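# Observations on the model geometry
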Amino acid sequence: MRRAGRDGDGASASPTKGDDVTIGLLLPEKANTRYDKFDYPIIKSKVTELTHKKGTVRYANADADAARQAGQMQTMIDEKVDVILLDAVDSHGIAGEVKKAKEAGIPVIAYDRLAEGPIDAYISFDNELVGEVQGRSLLEALGSGWTPPTRSS
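Let me begin by describing the structure that accompanies this report. Bear in mind the structure is a predicted one, so any value in this text is a computation, not a measurement.

Moving on: the sheet that holds strand β5 (residues 83–86). One open sheet holds the five strands; their spatial order is β4-β3-β5-β6-β7, and the pairing between them is parallel. Looking at the sheet topology across the chains shown, the edges are occupied by β4 (56–61) and β7 (121–123). If you compare each strand with its neighbour and ignore which way they point, the axes differ by 20 degrees on average. Direction of pairing for strand β6 (residues 108–111) relative to β7: parallel, over a ladder of three bridges. Bridged to Tyr 111 within β7 is Ile 123. On the sheet, helix α1 (residues 34–50) packs against β3 (22–27), β4, β5 and β6 and is oriented at approximately 165 degrees with respect to β4.

According to the stated counting rule, one finds one aromatic pair in the structure shown. Centre to centre, the rings of Tyr 40 and Tyr 59 are 4.1 Å apart; their planes meet at 10 degrees, and the pair counts as stacked. One end of the pair, Tyr 40, is in helix α1; the other, Tyr 59, is in strand β4, with 19 residues separating them in the sequence.

Once that is clear, we can look at the pairing of β3. With six of its six residues buried, β3 lies for the most part within the structure. The alternating pattern of β3 places Thr 22, Gly 24 and Leu 26 and Ile 23, Leu 25 and Leu 27 on opposite faces, both of which are buried. As defined by bridge partners, β3 adjoins β4 across six bridges and the pair is classed as parallel. By the bridge assignment, Gly 24 is partnered in β4 with Arg 58. Handedness of the β3-α1-β4 crossover: right-handed. Sheet analysis places β3 next to β5, joined by four bridges and oriented parallel. When the bridges of β5 are listed, Leu 26 appears paired with Leu 86.

Scoring rules and cut-offs
- Residues numbered from 1 in each chain as written.
- Predicted model: local features only at pLDDT ≥ 70, side-chain atom pairs only at ≥ 80, totals over all residues.
- Heavy atoms only, no water.
- Pairing = 2+ DSSP bridges.
- Helix = DSSP H or I, 4+ residues; strand = E, 2+ residues; numbered from the N terminus.
- Axes fitted to C-alpha atoms, helices over the stretch in contact; angles between N-to-C directions.
- Contact = heavy atoms within 4.5 Å.
- Phe/Tyr/Trp six-rings, centres within 6.5 Å; stacked < 30°, edge-to-face > 60°.
- Buried < 20%, exposed > 50% of the residue type's maximum accessible area, 1.4 Å probe, protein only.
- Right-handed = clockwise from strand over helix to strand, strands pointing away.

See the structure below:
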C-alpha cells in the first residue's frame, strides 16, 4: 500500500502498511444493480486476495444522495481508513470531503467518474473498448441478414 506524502504531490510516497489495510468504498446509487451485485463484491474479493485475507473493505452506498455520500466519506475519514475509492454522486459537491481526506493523509481514488478536489488517482473503464463490444454485440443480435439503411437525399 502506498500513501501519498504529506506535501500532497505524491513524490514522497512510500509504503506505510502491509496487508492489514482498510479500503473505504463509496458507491453512488442502488438503482443500477451493478454497484451492489458486481462492483462491491469484485472489489472486496480482490482486496481479500491481494492482502492475503488481512485487508478489509468498508462499503457505503449513497443511494443517489450527495449529502449522504459526503457524510459517509466523513465517517471514513474519522475512522482513518487507509484509502478511499470514490464513485461520486456529485463530482463537484464532494470536493470538500476529498480535501479533508487529503489533509488527513488518506489517498482518494476517483473510481468510474472523476471527482473534484485533490484526488490521488482516477480509474475507469476503457470507453473505446466498451463501444466496440457494444457494436459487435448489436451486429450479432441483428444477424447476418441485416444491412444498414441507405440515406436518401
